[in-house]
Amino acid sequence: AFILLLAWCLSGDIRSSRAQTFRADVFRVEPPSEAAARRQFAKATDNFNSARWSEALEYYQNVLEHESHYRGSALFNIGLIMERSDELERAVEAYHLAIRASDGVDSAAYTRIGLNYGRSGEIAHALEAFDTALKLDKENFMAKRNRIAALRFLDR
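Residues numbered from 1 in each chain as written. Predicted model: local features only at pLDDT ≥ 70, side-chain atom pairs only at ≥ 80, totals over all residues. Heavy atoms only, no water.

## Notes on the overall build of the protein
Assigned secondary structure in the protein consists of nine helices and zero strands. When the elements of the protein are put in sequence order from the N terminus, they spell out α-α-α-α-α-α-α-α-α. Going through the 156 residues of the protein one by one, you find that 37% of them count as buried. Restricting the contact set of the protein to residue pairs at least 6 apart, pairs at least 24 apart contribute 42%. Here the protein has roughly 9800 Å² of accessible surface; of this, 54% comes from carbon and sulfur atoms. (Helix = DSSP H or I, 4+ residues; strand = E, 2+ residues; numbered from the N terminus. Buried < 20%, exposed > 50% of the residue type's maximum accessible area, 1.4 Å probe, protein only. Contact = heavy atoms within 4.5 Å. Areas by Shrake-Rupley, 256 points an atom, 1.4 Å probe, with all protein chains shown as cover.)

## Comments concerning a nonpolar patch on the surface
On the surface, a cluster of nonpolar side chains totalling about 270 Å² of accessible area is made up of Leu 151, Phe 153 and Leu 154. Mapped onto the elements, Leu 154 comes out in helix α9 (residues 141-155). On the basis of relative accessible area, Leu 154 is assigned to the partly exposed category, the value being 46%. (Patch = residues over 30% accessible without salt bridge, like charges linked within 9 Å, V, L, I, M, F, W, Y side chains within 5 Å. Salt bridge = Lys/Arg side-chain N within 4 Å of Asp/Glu carboxyl O.)

## Considerations on the environment of Lys 144
Mapped onto the elements, Lys 144 comes out in helix α9. Spatially, the C-alpha atom of Lys 144 lies 8.9 Å from that of Ala 133, the residues being 11 residues apart in sequence. Ignoring anything within four residues of it in the chain, the contact list for Lys 144 reads Leu 134, Lys 138 and Glu 139.

## Description of the nonpolar core
Core analysis: the largest hydrophobic core is formed by 26 residues, its most contacted members being Tyr 60, Phe 76, Ile 81 and Tyr 95. For this core, the secondary structure elements donating two or more residues are α3 (32-49), α4 (53-63), α5 (71-84), α6 (88-101) and α7 (106-119). No other element matches α5, which puts seven residues into this core. Those residues in contact with Tyr 95 that sit more than four places away from it in its chain are Phe 76, Gly 79, Leu 80, Glu 83, Ala 109, Arg 112, Ile 113 and Asn 116. The next biggest cluster of nonpolar side chains, apart from the first, holds six residues, and it includes Leu 115, Ala 126, Ala 133 and Leu 134. (Core = buried A, V, L, I, M, F, W, Y, C linked by side-chain atoms within 4.5 Å.)

Quick look at the structure:
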């Protein structure tokens, strides 16, 4: 049955969008570096979710050795690990790198930057980061809530 389906796909009506979609899915090949990054990211996330921070950090750093779409998320999670270690400057640096990787973590990264600036007592910088997060995602509840808290802190 598969051979018939494959034969239909290869010799079928090339105008059929269903046939073209099927061919694209059947013959899609993941680049080796992306596959390696995906495996490292999965191991890192398993360790992260099990609170094995040093192992997770090592695997996330391995992800960075590959050009992949996991790069920004790996950097974001490295930032979270740095926060847990009270290495706030390194956390902020990792978040900025995650933003530059441009893979959808921008609003969350700016929120985390704001939180770290707030923890460091740099409330004006925290507000800037929260404002940027909200420009990127108006529904970012964490940025909204912490922006309000920072404004209240400044009014004291």
